[in-house]
Amino acid sequence: MRREKIIIGAGIVLAVLPFVLTEYWLGLFTQALIFGGFAMGLDLLVGYTRMPTLGHAAFFGLAGYGTALAITRFGINPWIAAGIGVLLSGGVAVAFAPLAVRVRGLTFLTITLAFGQVTWGLATRWTSFTGGENGIPSVPRPDFIWDLNDRTGFFYLTLIVVIFVSLLISIFASSAVGMSFMGVRGSDTRMSALGYNVQSRRATAFIVAALVAAVYGVLSTFFNKFVGTGSLSWQLSAQMLLAVVVGGFGSLWGPFVAGSGLHILKTLLIGSTQRWPMVLGVLYVISVVFLPGGLSSLVPTIKQRMIRRSKGKEHARYGTNSK
Amino acid sequence: MVQTANSKYALSIENLTVQFGGLLALQDVDIVVPPGSRYGILGPNGAGKTTLFNVISGFVKPTKGRVFLHDADISKQPPHKRVQYGLARTFQITTLFSELSVLENILMAALVQSGTSQVFWKPVHNDKVAVSIAESQLHDLGLMHLAGKAVNELAYGEQRLLEIAVALASNPSVLLLDEPTAGLSTAEIKAVVKLVTGLPRDLTIIMIEHDLDVIFDVSEYLSVLHGGQAIAHGPADEIRHDERVKEVYLGES
């Protein structure tokens, strides 16, 4: 329950941002929240279950395209279109997961990369439907209780979605299913010997991470009023994978912070350098060499020091998974 | 668990052959294990003991032959389904979840028994049924004092005990122990033997073991594997004095 309280607390703190930030920075933070949330969902797959993917941008982008196409080509209400976008991604994930989870490690990485490239290729080449390289502009934002065309208004919608989805992820991660993901990561032979269907657990992690990516893909499309092939690119997948590595496997908050931070860094740097992938690479090397446990490993070291000081009371509550 | 009382054998293996490429790991092996017995599998390295366990638990597909658990043919079942038939096993190399606590390790097995392993909407520690199964398991084995510890804080001997405790939390009727005392000190071996001999008599235990003192201490029946073939079966006392067995195995050690 502690983690849920922290999420709500952090949400309340972030709610003051519109009062202290300029329009430009508020927009940047809105996007940062979106990518942070995406990375947090990916942590269930990459961190909890240890299935490194280079294709989850596909689910982010597919949901965005699904929504944008439903609105602009078929005149569907943006809220319903959002649902269609998420369902599209979810459906594709459900279809693809059973195939993908048969393989592991590098093969899994390659197969997800190939899958992502197929969606990217489709969006790029099917110009008459998807707009090709130009993407789909002028996607209207939905109507809401308050005006979403206002930066502050959209920020608050994003914040609410992020808090809600993060709470769901947090509870999910501490549930029996979440713990079974850690079990699959630790030893899948042992898990089958205990009666778990390992393949179905791996597929579940894949689909859940895809659904989270889909929700944020829709938000991103509404924020930009646009969806383009960049949202399906392997570069985005790689950036999110890196966010999980830099943030720290399985901590949830670490990937969130890293996912947000990387987006802000990218936006600030892209004005002065075209070499974003190189910066990413350097960051990756630095984080692996100097902080192999990721950002989140900084906190346990502080915590352990405190525990050592107050030793003797640790039997009050068992478990490392209850956070 | 499937009917235990009626079936003549807790486990029976018929005509089992396993071939890995050109290597014949097991050849026409027949073994029957009476319910509630303590059954030892003896044999030198490479005799096919662990392969036998992997076939019984479903991790290796046999080239030929069948496996029955209480009269049910489980030959075609994947490993995770065999748990529902009452089968549990430990591994030669400790395969505990090192990042989780001792209680959580047991909980992983208990969740399957309480039928709540699919629950995703509430924290696992709030699952009262599963937690109480796990706690009583630890309590029964006298390991409750370890509950809150992380597995990587445990001594190796404690890890081996936990390995057995996790398998027991699956509530098996047949338990396979793969070298439970490997790499342990004399004192730790005693602790494992004490735990195993103290288990309920309606549980059938099949054990691979290299330590001859342990295996003759614990088992009532033995099968001896050599070069993939079962060369002798019988009550432990007979096997101890069997000339062929002395030749291939006891003589060497």
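You'll find the structure just up there.
About the cut-offs
- Residues numbered from 1 in each chain as written.
- Chains lettered and ligands numbered in written order.
- Predicted model: local features only at pLDDT ≥ 70, side-chain atom pairs only at ≥ 80, totals over all residues.
- Heavy atoms only, no water.
- Contact = heavy atoms within 4.5 Å.
- Buried area = accessible area lost by both parts, 1.4 Å probe.
- Salt bridge = Lys/Arg side-chain N within 4 Å of Asp/Glu carboxyl O.
- Polar contact = N/O pair within 3.5 Å; in protein donor to acceptor, adjacent residues only side chain to side chain.
- Helix = DSSP H or I, 4+ residues; strand = E, 2+ residues; numbered from the N terminus.
- Nonpolar A, V, L, I, M, F, W, Y, C, P; charged D, E, K, R; others polar.
- Axes fitted to C-alpha atoms, helices over the stretch in contact; angles between N-to-C directions.
- Parallel < 35°, antiparallel > 145°, perpendicular 65-115°, else oblique.
- Left-handed = near helix turned anticlockwise from the far one by under 90°.
- Patch = residues over 30% accessible without salt bridge, like charges linked within 9 Å, V, L, I, M, F, W, Y side chains within 5 Å.
- Areas by Shrake-Rupley, 256 points an atom, 1.4 Å probe, with all protein chains shown as cover.
- 1 Å grid on protein atoms, 1.4 Å probe; cavity = no way out; pocket = protein on both sides within 12 Å on 5 of 7 lines; lining within 4 Å.
- Points joined across faces, edges and corners; volume = space filled by probe spheres on them.
- Pairing = 2+ DSSP bridges.
- Phe/Tyr/Trp six-rings, centres within 6.5 Å; stacked < 30°, edge-to-face > 60°.
- Buried < 20%, exposed > 50% of the residue type's maximum accessible area, 1.4 Å probe, protein only.
- Lys NZ or Arg CZ within 6 Å of the ring centre and 35° of its normal.

Visitor: Help me understand the interface of chain B and chain A, please; the structure alone is not making it clear to me.
Guide: How big an interface is tends to be expressed through the accessible area that disappears when the partners come together. If you look at the interface, chain B gives 37 residues, while chain A gives 31 residues. Of all residues in chain B, His80, Phe97 and Met108 of chain B bury the most surface against chain A, accounting for 19% of the area lost on that side. Run the count over chain B and chain A and you get two salt bridges. Two residues, Glu99 of chain B and Arg185 of chain A, come together in a salt bridge whose shortest N-O distance is 3.1 Å. In this assembly, chain B and chain A are joined by nine residue pairs in polar contact (both at pLDDT 80 or more). Sorting the residues of the side of chain B that touches chain A by element identifies α2 (79-82), α3 (102-114) and α5 (156-168) of chain B as the ones contributing at least two each. Here the side of chain B that touches chain A gets seven residues from one element, more than from any other, and that element is α3 of chain B. Counted by class, the side of chain B that touches chain A contains 21 nonpolar, ten polar and six charged residues.

Visitor: Looking at this model, I keep getting lost on the packing of helix α4 (residues 57-72) of chain A against helix α11 (residues 198-224) of chain A. Mind explaining?
Guide: For any two helices packed against each other, one specifies the crossing angle of their axes together with the interaxial distance. Residues and elements named next belong to chain A. Contact geometry of α4 with α11 gives a least axis separation of 6 Å together with a crossing angle of 45°. Overall, the two elements α4 and α11 adopt an arrangement that is oblique. The handedness of the crossing between α4 and α11 comes out as right-handed. Touching Phe59, Phe60, Ala63, Gly64, Thr67, Ala68 and Ile71 of α4 are Phe206, Ala210, Ala213, Ala214, Tyr216, Gly217, Val218, Ser220, Thr221 and Phe222, all from α11. Within the contact of α4 with α11, the residues separate by chemical class into twelve nonpolar, five polar and no charged.

Visitor: Whenever I open this one, a nonpolar patch on the surface confuses me. Can you help?
Guide: Residues and elements named next belong to chain A. A cluster of nonpolar side chains, Trp79, Ile80, Ile84, Phe144, Ile145, Trp146 and Ile160, forms an exposed patch at the surface whose accessible area comes to about 690 Å². Of all the elements, helix α5 (residues 78-100) adds the most residues to the nonpolar patch, at three residues. Tracing the chain through its elements places Phe144 in the loop between α7 (127-130) and α8 (151-174).

Visitor: I tried to follow the layout of surface pockets on my own but got confused; where do I start?
Guide: Empty space left among the atoms is revealed by rolling a probe the size of a water molecule over them. Residues and elements named next belong to chain A. A volume near 680 Å³ is recorded for the second largest pocket. Lining of the second largest pocket is provided by 30 residues; of these, Ser233, Gln235, Leu236, Gln239 and Lys266 occupy positions nearest its centre. Secondary structure elements with two or more residues in the lining of the second largest pocket: α3 (23-48), α4, α11, α12 (234-247), α13 (253-270) and α14 (276-290). With eight residues, α12 is the single largest residue contributor to the lining of the second largest pocket.

Visitor: I would appreciate a short explanation of the pairing of strand β1 (residues 11-20) of chain B in the present structure.
Guide: A regular strand places its side chains so that they alternate between the two faces of the sheet. All names here are of chain B. As paired elements, β1 and strand β2 (residues 23-33) share seven bridges and run antiparallel to each other. The partner of Val18 across the bridge, within β2, is Leu26. Pairing between β1 and strand β4 (residues 64-69): five bridges, direction antiparallel. Paired with Ile13 across the strands is Val67, a residue of β4.

Visitor: How should the packing of aromatic side chains be read in this particular structure?
Guide: All names here are of chain A. According to the stated counting rule, one finds 20 aromatic pairs over all chains in the structure shown. Here the aromatic rings of Phe38 and Phe60 are separated by 5.0 Å at their centres, their planes lie at 10°, and the arrangement is stacked. Taken together, the positions of Phe38 in helix α3 and Phe60 in helix α4 put the pair 22 residues apart, joining distant regions of the chain. No difference in accessibility class separates Phe38 from Phe60, as the two residues are buried. An aromatic cluster of at least three residues, connected via ring pairs, comprises Phe59, Phe96, Phe108, Phe115 and Phe206. Over the aromatic face of Phe249 sits the side chain of Arg50, whose NZ or CZ is 4.3 Å from the ring centroid. Across from the ring centre of Phe154, 4.4 Å away, lies the NZ or CZ of Arg141, which sits over that ring.

No statement about biological role is implied by the geometric values presented.
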